[in-house]
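What follows is each chain in one-letter form.
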Amino acid sequence: MQLTGSEIFMKCLAAEGVTTAFGHPGGVVLHMYDVMLDYPLRHILCRHEQAAAHAAEGYYKATGRTGTCIVTSGPGATNTVTGITDAYMDSMSVVFFTGQVPTAVMGCDAFQEADVMGTTRSCTKHNVLVQNTEDLPRIIKEAYYISRSGRPGPVLVDLPKDILMSRGDFSGYPESVRIRGYNPSIHGHPGQIRKAAELIARAVRPVLYGGGGIIHGDASVEFTELVNLIQAPTTLTLMGLGALDTSHPLWLGMLGMHGTYWANMCMIHSDLMIAVGARFDDRVTGKLSEFGKNCKIIHIDIDPTSIRKNVHVDVPIVGDVKHVLRELNKELRKIKRDWAKEQEEWHGQIAEWRAAHPLRYDQRPDGPIKPQHAIAEVFRLTEEMDPIIATGVGQHQMWAGQYYRGRKPRRWITSGGLGTMGFGFPAALGAQAAFPDKLVITIDGDGCFQMTCQDLVTCVQYNLPVKVILMNNRYLGMVRQWQELFYGRRYSAVDLSVQPDYVKLAEAYGATGLRVERPAEVSVAIEKAIATPGPVVLEVVCDREENCFPMIPAGAAIKDIIDAGEPVPEKLFQGWR
Amino acid sequence: MNSNGASGTRAHTLVLQVENRLGVLARIAGLVAAKGYNIDSLSVAETLDPTASQITLVVHGTESAIEQTVKQLNRQVDIIKVVDLTDEAHVEREMVLIRVNAEPANRAEALRTADIFRAKVVDVTPRAYVFEVTGDAEKIAAFIELLRPLGIQEVVRTGKVAIARGSKTAPRREARAARRPAEARAASEREEQRAEDEVAVLPS
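Now for a description of the structure that goes with this document. Being a predicted model, the structure only gives us computed values, none of them experimental.

**What to know about the packing of helix 17 (residues 371-382) of chain A against helix 24 (residues 522-531) of chain A**
Residues and elements named next belong to chain A.
Item 1. Two numbers describe how helix 17 lies on helix 24: the axes approach to 10 Å, and their chain directions differ by 50°. Looking at the two axes, helix 17 sits oblique to helix 24. Viewed along their axes, helix 17 and helix 24 form a crossing whose handedness is right-handed. On helix 24, the residues that touch His373, Ala374, Glu377, Val378, Leu381 and Thr382 of helix 17 are Val522, Ser523, Ile526, Glu527 and Ile530.
Item 2. Classifying every residue of the contact of helix 17 with helix 24 by side-chain character gives 6 nonpolar, 3 polar and 2 charged.

Below you can see the structure in the form of structure tokens.
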């Protein structure tokens, strides 16, 4: 059957089961957008390609199904690069389709031409330029397969205009994929798994350190089983939140730069660290030369590149987390041991740390709203509604991580590796598009929201009732915090006190705008925002100079963690005076 | 060759089998550059299977950085296989074309030197010879040094190509026995480490 590239493209997307795509049209993809009208694909027109990219990420994170993003050549493609890199850093499965100028003029500085293959080579799991219309089905099949299998990641397909417009033979969408250079390891090595079980059986101060891999690998059930089996205190990275129910008695809270004091203490005082689907990011390890010095480390990860990248590992296990945990749990069940009793002293020690250094803030009834109070209230009021929470990047994100409460995976969407300001709102839009009837909340900062708020109108157009809880401190809060703590309080380019009226801004886009300024009114305001139909922006006017603690200063060892109220050592001063 | 550099780096000879496709070389070059390393030598050509290419790549780096680079290369979809031949028994060759001055006074010496190194004369003019010589890095360095006093006008090198010794299916242990004892000892320690890593990566 002879069909145009655009028709083949649309047929392949349908065969792949793609129902929703986020995108923005333009010159070279006009033909595809014309054909699109005759197919059932739901195309959500974002107002900026970066938002389309983040929306596709949010869609993936919330559903586990690969996100799809379609943009035009040149600026359309380059606008998605932040989203592509974000997806790459956080292992998000998204397939990006970018238009390209006709093959005959490629490399000639044609209108809206950009070397997208070259630009995205280092921030995609794989990218490919389509050179023949007839290759489209195979390339699309491979793109989705590569993106979601192994360690998930973004795949980009560059589509020249002439490839979309010319006709080629189409004999259906391929049923299987065979790529000789790509065979992710799924099953962990049995010998290594036995070794790991032996180590675990001897540990008296174990700590489980789980990451985003548990979410991507749909392994939270197996992970929770492991926690219950070995009774080990369990911490999760920012990306791993949701892998364990936060009401679990062994839950320590998030670890890392702004993790709980006791979770971080567990990392340095344990005799065995069991890393599951986590990659020893610098925000977790602190100073590498002082990390994991006194403990054995087991590292389970699907990506061999993650193993021994930063940290020495005693027992590496390369494989799919779900498979490996199943096998490991099987081994562990054979071991006769009173797990809780052997760790009694350890759990006692953790309880002491927890009592001495709790997460805390001082909310005065007549003072300004403490951002922690508002965020804790969001979780308290919505916990039973099983909401999806997305965040931007900065102080509000860390507080949201600290006060996070949730029962299930895929309910927490945030930008970890790249730390992309402006991510939260469009990611929530994408999650809402996947689940139109679910409560989707963005906890955002005013700096972040201004980067991508144009897509409020997209929420209005497609009736995506995202609730934006805007933590407004009229500062770039995290940068300001660093300037206060490490640069002698010289504030440089962080003041956002000249800003739009967010209530009017929301209204201008056709959404509902609300504002709360007094602590006593916070919970009522949150309830009202949730009860109001359609997209809502609730501006929470916050204490301007609240700091996020505990904090492990960048480059410092975990033991140098600074808790609220503790002085910042003089040696950490980084200013120029 | 294989000498330890100032910062604990040494030259590694990596052999890659890759898809014969657009952009693959850029991908490899980009990965190595991202590590902050320069590619010392590179040679690329089709294999018996025209859809695949074989690449020999020489790059200086620390052991851990090279290990990481090999893993990252292996992760690429278009790269079928990567082997670090540095501590394996292997043969390496490079072909070089050298244009030297051929003044009447030193024509004979140039030819004698070429003869010793089994270099071929591939072009002759009244003023110059072009020699073609093949060998490993040491031989080529020695040949160039001996010709240098005569006046070298131009040197063009193919970059190194390398192949493992022994039958392709033979176990590594056999290949290792061929090495000198001291070298073999150091290599076998690395081998144990590598075997451990391989245990960790079981093909699905």
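**Structural notes on the interface of chain B and chain A**
Item 1. With 21 residues of chain B at the interface, the matching set in chain A holds 26 residues.
Item 2. If you list the elements that add at least two residues to the side of chain B that touches chain A, you get helix 1 (24-34), helix 2 (63-75), strand 4 (79-84) and helix 6 (181-200) of chain B.
Item 3. Its residues assigned to classes, the side of chain B that touches chain A shows 11 nonpolar, 5 polar and 5 charged.

**Quick look at helix 17 of chain A**
Side chains three or four residues apart in an α-helix point the same way, a direct result of the helix having 3.6 residues per turn.
Item 1. Between its terminal C-alpha atoms helix 17 of chain A stretches 17 Å, which fits the 16 Å expected from 12 residues at 1.5 Å a residue.
Item 2. Listed as buried for helix 17 of chain A are A:Pro371, A:Gln372, A:His373, A:Ala374, A:Ile375, A:Ala376, A:Glu377 and A:Val378.

**Quick look at the environment of B:His90**
Residue and element names in this part refer to chain B.
Item 1. Within the secondary structure, His90 sits in strand 5 (residues 90-101).
Item 2. Considering only alpha carbons, one finds His90 and Gly166, 76 residues apart in sequence, at a separation of 8.4 Å.
Item 3. When neighbours within four sequence positions are excluded, His90 is seen to be in contact with Leu85, Ala162, Ile163, Ala164 and Arg165.

**Describing the sheet that holds strand 14 (residues 315-318) of chain A**
All names here are of chain A.
Item 1. The strand order across the open sheet formed by 6 strands is 11-10-9-12-13-14, and the pairing between neighbours is parallel. Edge positions in the open sheet fall to strand 11 (251-254) and strand 14, since each of these has one partner strand only. Strand-to-strand twist across the sheet, computed as the mean angle between neighbouring axes with direction ignored, equals 15°.
Item 2. In the sheet, strand 9 (residues 206-210) pairs with strand 10 (residues 234-236) via 3 bridges, with the strands oriented parallel. Across the sheet, Leu208 pairs through a bridge with Thr234, a residue of strand 10.

**Side note on the nonpolar core**
Item 1. Membership of the largest hydrophobic core comes to 172 residues, with the highest contact counts inside it found for A:Ala55, A:Ile469 and A:Leu538.
Item 2. No other element matches helix 3 (residues 49-63) of chain A, which puts 8 residues into this core.
Item 3. Those residues within four positions of A:Ile469 in sequence are excluded, and the remaining contacts are A:Val378, A:Ile441, A:Thr442, A:Ile443, A:Asp444, A:Ile526, A:Ala529, A:Leu538 and A:Val540.
Item 4. If you look at the next biggest cluster of nonpolar residues, it comprises 16 residues, including B:Leu16, B:Val18, B:Val24 and B:Ile55.

So, how was this worked out
Residues numbered from 1 in each chain as written. Chains lettered and ligands numbered in written order. Predicted model: local features only at pLDDT ≥ 70, side-chain atom pairs only at ≥ 80, totals over all residues. Axes fitted to C-alpha atoms, helices over the stretch in contact; angles between N-to-C directions. Helix = DSSP H or I, 4+ residues; strand = E, 2+ residues; numbered from the N terminus. Parallel < 35°, antiparallel > 145°, perpendicular 65-115°, else oblique. Left-handed = near helix turned anticlockwise from the far one by under 90°. Contact = placed C-beta atoms within 7 Å. Nonpolar A, V, L, I, M, F, W, Y, C, P; charged D, E, K, R; others polar. Expected span 1.5 Å × (residues − 1). Buried ≥ 20, exposed ≤ 12 C-beta atoms within 10 Å, placed from the backbone. Pairing = 2+ DSSP bridges. Core = buried A, V, L, I, M, F, W, Y, C linked by C-beta atoms within 7 Å.

What is shown is where atoms sit, not what they do.
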